[in-house]
Amino acid sequence: MKGLFLKTFVWFWLTTIITISATYFISSRLTDNNRHTHDIDEIVAHYFEEFEQELNEQGIGEFARELKHQRLPRGIGILLVDDHNNVIAVKRVPKPILQHYLDTGNWPEPRGVKLNIKAKAFEIDARQLTLFILWLPKKVHADNFDHRPWFKPFQRTPGWAAFRLLLALLVSGLICYFLARYISKPIVKLRAAVNQVEQGNYDNKVAAEFKNRSDEIADLASDFDRMSDEIKNQFQQREELLRDISHELRSPLARMRVASELIKEKIDASNSSEIDRIEREISRLDDLIGEIIDFSKLTNQSSQVNKQQINLVELIQQIIADVNFEGESTHKQAIFNTSYTRVDIYANKTLIMRAIENVLRNALKYSANDTNVTCSLALENHQAIIAVADKGPGVPEHELEQIFEPFYRTSKSRDRKSGGTGLGLAISKQAIEVHQGEIKANNGEEHGLVVTIRLPLSTQTIQ
Amino acid sequence: MAKILLIDDDVELCELLKEFLQSESFEVTIANDGRAGLERLSDEHPDLIVMDIMMPKLNGLDTLKQLRSENFDLPVIMLTARGDDVDKIVGLELGADDYLSKPFNPRELSARIKAILRRITEKQPDSTEVYQVEDITIHPASRQVLVNDVETELTAAEFEILTILLKFAGEVCSKQKLTEQALSRKLELYDRSIDMHISNLRKKLAAKPDGTQRIKTIRGIGYMYLTRNIQ
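Worth saying up front: this structure is predicted, and the values here are computed from it rather than measured.

## Describing the overall build of chain A
A count of helical and extended segments in chain A gives 11 helices and 11 strands. In chain A, which comprises 463 residues, the proportion classed as buried is 39%. Considering only residue pairs separated by 6 or more positions, chain A has 65% of its internal contacts joining residues 24 or more positions apart. Of the roughly 27000 Å² of accessible surface on chain A, a fraction of 54% belongs to carbon and sulfur atoms.

Written out as structure tokens, the structure is:
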């Protein structure tokens, strides 16, 4: 889940960077000295007008008092002097500048900044007055007249802006990193939990990992735990039900089997062929119950559990040993051909074993005595391909798909002499499809049936 | 006449089996759940137990566990639901001597009972024969196994298998041979009895003092008890 973390992180950070840059840009535009020169001229003209009027109306003393409470735009200072350079009223004129003016009669010219001064003379109450309006760019305060000398050289360097920008980026990057982690980490954990459930591990509780949180994600985690408990419950109930059904159906069969044996003892042994028939039917019914239960387990996907790495080569060798052991009496043999020693798939071993075994058993069943069934294992497009070919009569073309349907029997073998329950290949199909595989049948080039199973490989573990 | 204790909750099946086994000249006692079975044990002193796995109160596996904690030698045949491999494996792990899946041919049951009983009675008179391979000593007469002079408890089936493996130490013993000679029956399809008994043996005997394994699996064939010169 690096993806979500990376995406969240990059997007948040990018947004932050854009916001920071935009804010920086706009604020720097706003404080630009030259940009408002025109506006300030107007303001200054307006103030001159206003102040003159006020001076006329209120008189000098009142005006001086009023000026103290007057609100002025930032950076504007006012000085009112008489013709002997006596200060009548002053507001926001830095002392060094004022002193310089009073001492020399000239306004100072601080280094590197433009100090704007406008003056206007009035005659009020027969006194010659001069009103100065100074607008001081912020830098006048900050640099040239700052009382903190240590701050000056540092602040004035061009690196200062870069440093501030870098700091902003670093801090915002750090915050975004933790935010992205905070968002993506629980999702990674939840995903791991989902994978666990998929593999049938329902007891892995995820809520405990979120006990420090009390938000929607923590709720989701506990909901998830409840859900996996519920699935586990249903799964177990289902398993138990199927077990019980199997047990209940087989109990009478077990009794019948013993009873038939007792009958045989009580009657003349030469008349027991009908009883043998009953016994055969009992074992057929027994097989059928087993297969129906297996089939219903499969169709309900409840068998998605207990997956593990399986080496198909070993598994097929084992299955072939088992079926050959059974086929010894009829001299039918299954032969395994492969050039690999290891082909790994990730699957439920029992199911895959059943699937392959049913196909092999079916092939052997329809083969003539003293013939071989060949099973081959090859690889193609990250898939394992298991092909089982027999030398039996084959299946009519139009029935090739139907042979995987439950209880389907080809028209040729409908007489049931061939035995079997009619569920073998249907179980194979289900088991293979549960593993995202594919099973197909077609008639071989000469004669006989070829059943091909395709299963996705787990990883590239082929030797 | 050998005494059989039949433990199964299916009352009717018990009656039928009792009739059948009596006709095969066994003496049969019935218990309908595990707890009752264990209670009967002390009064009846059966020679062999036939027990179902799925039972109310105390199920077959738990009963077997309890039984094995007290009485190691008493042979037990488990009756399992067919296709339930897990039960079979667990049963054998807990020290059952054999299993049959229901529904079964009662003749098969009686044949297996006879095989197990014969195995036990036959071996008993065996004089003072002793097998010794390296640090393991077996006294068939007293059914005693000594590993480094420490006595080790084995079930009847495990004892038989170990005896054969030691008799042919250094040679491969096929699963067919082990099944026929130790369990006195034919190897069946998907028969994992021997594998489970071997796995139990490995656990009980542990590795040799030098850390090497005692019993080697010969894939697809059988097992071999390793001796120092063939490792």
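The structure having been displayed, the exposition proceeds.
## Quick word on the overall build of chain B
Looking only at helices and strands, chain B features eight helices and 12 strands. Across the 231 residues that make up chain B, the buried fraction comes to 55%. Sequence-distant contacts in chain B: of pairs separated by 6 or more residues, those separated by 24 or more amount to 56%. Accessible surface computed for chain B: about 10000 Å², of which carbon and sulfur atoms make up 48%.

## Describing helix α6 (residues 159-198) of chain A
In a regular helix each residue adds 1.5 Å, so 40 residues correspond to 58 Å; α6 of chain A covers 57 Å between its end C-alpha atoms and thus fits that length. Buried within α6 of chain A are the following residues: S172, G173, C176, A180, S184, P186, L190, A193 and V197 of chain A.

## Considerations on the packing of helix α6 (residues 156-167) of chain B against helix α8 (residues 193-205) of chain B
Residues and elements named next belong to chain B. Here α6 crosses α8 at 85 degrees, and the two axes come no closer than 10 Å. One element, α6, and the other, α8, form an angle in the roughly perpendicular class. In contact with A157, E158, I161, L162 and L165 of α6, α8 contributes I194, H197, I198, N200, L201, K204 and L205. Its residues assigned to classes, the contact of α6 with α8 shows eight nonpolar, two polar and two charged.

## Concerning a nonpolar patch on the surface
Residues F12, L179, Y182, I183 and I187 of chain A make up a contiguous nonpolar surface patch of about 390 Å² in total accessible area. Here the element with the most residues in the nonpolar patch is α6 of chain A; it accounts for four residues.

## A closer look at the nonpolar core
Residue and element names in this part refer to chain A. Counting residues in each nonpolar core, the largest one holds 48 residues, and the members touching the most others are L312, I352, I356, L360, L377 and I386. Element by element, the count of residues in this core is highest for helix α10 (residues 349-366), at nine residues. Sequence-distant contacts of I386, defined by excluding residues within four places in its chain, comprise L312, I316, I356, C375, S376, L377, V451, T452, I453 and L455.

## Comments concerning the interface of chain A and chain B
Contact with chain A, which involves 24 residues of that partner, is made by 27 residues of chain B. For the pair chain A and chain B, the two sides together bury roughly 2500 Å², of which 54% comes from carbon and sulfur. Three residues, R243, R255 and F325 of chain A, lead the burial of chain A against chain B; their summed loss comes to 23% of the area buried on that side. Taken together, the links from chain A to chain B amount to four salt bridges. A salt bridge links E19 of chain B to K266 of chain A; its shortest N-O distance comes to 2.9 Å. Seen at the junction of chain A and chain B, the total is four residue pairs in polar contact (both at pLDDT 80 or more). Listed by contribution, the elements that provide at least two residues to the side of chain A that touches chain B are α7 (216-266), α8 (273-299), α9 (312-327) and α10 of chain A. Considering every element that reaches the side of chain A that touches chain B, the biggest residue donor is α7 of chain A, with 15 residues. Here the side of chain A that touches chain B is composed, by residue class, of six nonpolar, three polar and 15 charged.

## Let's talk about the packing of α6 of chain A against α7 of chain A
Residues and elements named next belong to chain A. In contact at an axis separation of 11 Å, α6 and α7 are set at 5 degrees when each is read in the N-to-C sense. Between α6 and α7, the angle falls in the class roughly parallel. Here α6 contributes P186, L190, A193, V194 and V197 to the contact with α7, which in turn contributes I217, L220, A221, F224 and S228.

## Things to note about the sheet that holds strand β1 (residues 76-82) of chain A
Residues and elements named next belong to chain A. With antiparallel pairing, the four strands of this open sheet are ordered in space as β2-β1-β4-β3. Looking at strand neighbours, the two that pair on one side only are β2 (87-91) and β3 (116-124), the edges of this open sheet. Recorded for the sheet is a direction-independent mean angle of 15 degrees between the axes of neighbouring strands. By the bridge criterion, nine bridges tie β3 to strand β4 (residues 127-135) in an arrangement that is antiparallel. Looking at the pairing, F122 lines up with L129 of β4. Strand contacts of helix α3 (residues 95-104): β1, β2 and β4, with the helix running at about 25 degrees to β1, the strand carrying the most contacts.

## Structural notes on the packing of aromatic side chains
All names here are of chain A. The final tally for this structure, using the stated rule, is 10 aromatic pairs over all chains. Considering the side-chain rings of F5 and F9, the 6.0 Å spacing of their centres and the 5 degrees angle between planes classify their relative orientation as stacked. Pair noted here: F5 and F9 are both in helix α1 (residues 2-30), with a separation of four residues, about one helical turn. Three or more aromatic residues link up through ring pairs in this structure, and these residues are F5, F9, W13, Y177 and F178. The ring of F210 has K189 lying over it, and the distance from NZ or CZ to the ring centre is 5.2 Å. Here R213 stacks its cationic end above the ring of Y182, 4.0 Å away from the centre of that ring.

## Brief notes about the environment of A96 of chain B
All names here are of chain B. Tracing the sequence through the fold places A96 in the loop between α4 (85-93) and β5 (98-102). As for A96 and K65, which are separated by 31 residues in sequence, their C-alpha atoms are 9.5 Å apart. Here A96 is in contact with L64, V76, M78, G91 and H197, once residues within four sequence places are set aside.

## Observations concerning the sheet that holds β5 of chain B
Hydrogen bonding along the main chain pairs the strands of a sheet, whether they run parallel or antiparallel. All names here are of chain B. Here we have five strands laid out as an open sheet, ordered β2-β1-β3-β4-β5, and parallel in their pairing. Each end of this open sheet is capped by a strand with a single partner; those strands are β2 (27-31) and β5. Between one strand axis and the next, the sheet turns through 20 degrees on average, direction left out of account. With four bridges joining them, strand β1 (residues 3-7) and strand β3 (residues 48-52) adopt parallel strand pairing. Residue I7 lies in a different strand from β3, and its bridge partner there is M51.

## Let's talk about the pattern of salt bridges
Counting across every chain of the model gives 39 salt bridges over all chains. R257 of chain A is the salt-bridge partner of E279 of chain A, the closest N and O atoms lying 3.1 Å from each other. In this pair, E279 of chain A sits in helix α8 while R257 of chain A sits in helix α7, placing the two residues 22 residues apart along the sequence. R257 of chain A carries the same exposure label as E279 of chain A, and that label is buried. Across the pair K264 of chain A and D276 of chain A runs a salt bridge, and its minimum N-O distance is 3.2 Å. In this pair, K264 of chain A is assigned in helix α7 and D276 of chain A in helix α8, connecting sequence segments 12 residues apart. On the accessibility criterion, K264 of chain A (19% relative accessible area) is buried. Taken together, the shared-partner salt bridges connect R257, E261, K264, E265, D276 and E279 of chain A together with E24, R107 and K114 of chain B into one network.

Here is what the cut-offs are and how they apply
- Residues numbered from 1 in each chain as written.
- Chains lettered and ligands numbered in written order.
- Predicted model: local features only at pLDDT ≥ 70, side-chain atom pairs only at ≥ 80, totals over all residues.
- Heavy atoms only, no water.
- Helix = DSSP H or I, 4+ residues; strand = E, 2+ residues; numbered from the N terminus.
- Buried < 20%, exposed > 50% of the residue type's maximum accessible area, 1.4 Å probe, protein only.
- Contact = heavy atoms within 4.5 Å.
- Areas by Shrake-Rupley, 256 points an atom, 1.4 Å probe, with all protein chains shown as cover.
- Expected span 1.5 Å × (residues − 1).
- Axes fitted to C-alpha atoms, helices over the stretch in contact; angles between N-to-C directions.
- Parallel < 35°, antiparallel > 145°, perpendicular 65-115°, else oblique.
- Nonpolar A, V, L, I, M, F, W, Y, C, P; charged D, E, K, R; others polar.
- Patch = residues over 30% accessible without salt bridge, like charges linked within 9 Å, V, L, I, M, F, W, Y side chains within 5 Å.
- Salt bridge = Lys/Arg side-chain N within 4 Å of Asp/Glu carboxyl O.
- Core = buried A, V, L, I, M, F, W, Y, C linked by side-chain atoms within 4.5 Å.
- Buried area = accessible area lost by both parts, 1.4 Å probe.
- Polar contact = N/O pair within 3.5 Å; in protein donor to acceptor, adjacent residues only side chain to side chain.
- Pairing = 2+ DSSP bridges.
- Phe/Tyr/Trp six-rings, centres within 6.5 Å; stacked < 30°, edge-to-face > 60°.
- Lys NZ or Arg CZ within 6 Å of the ring centre and 35° of its normal.

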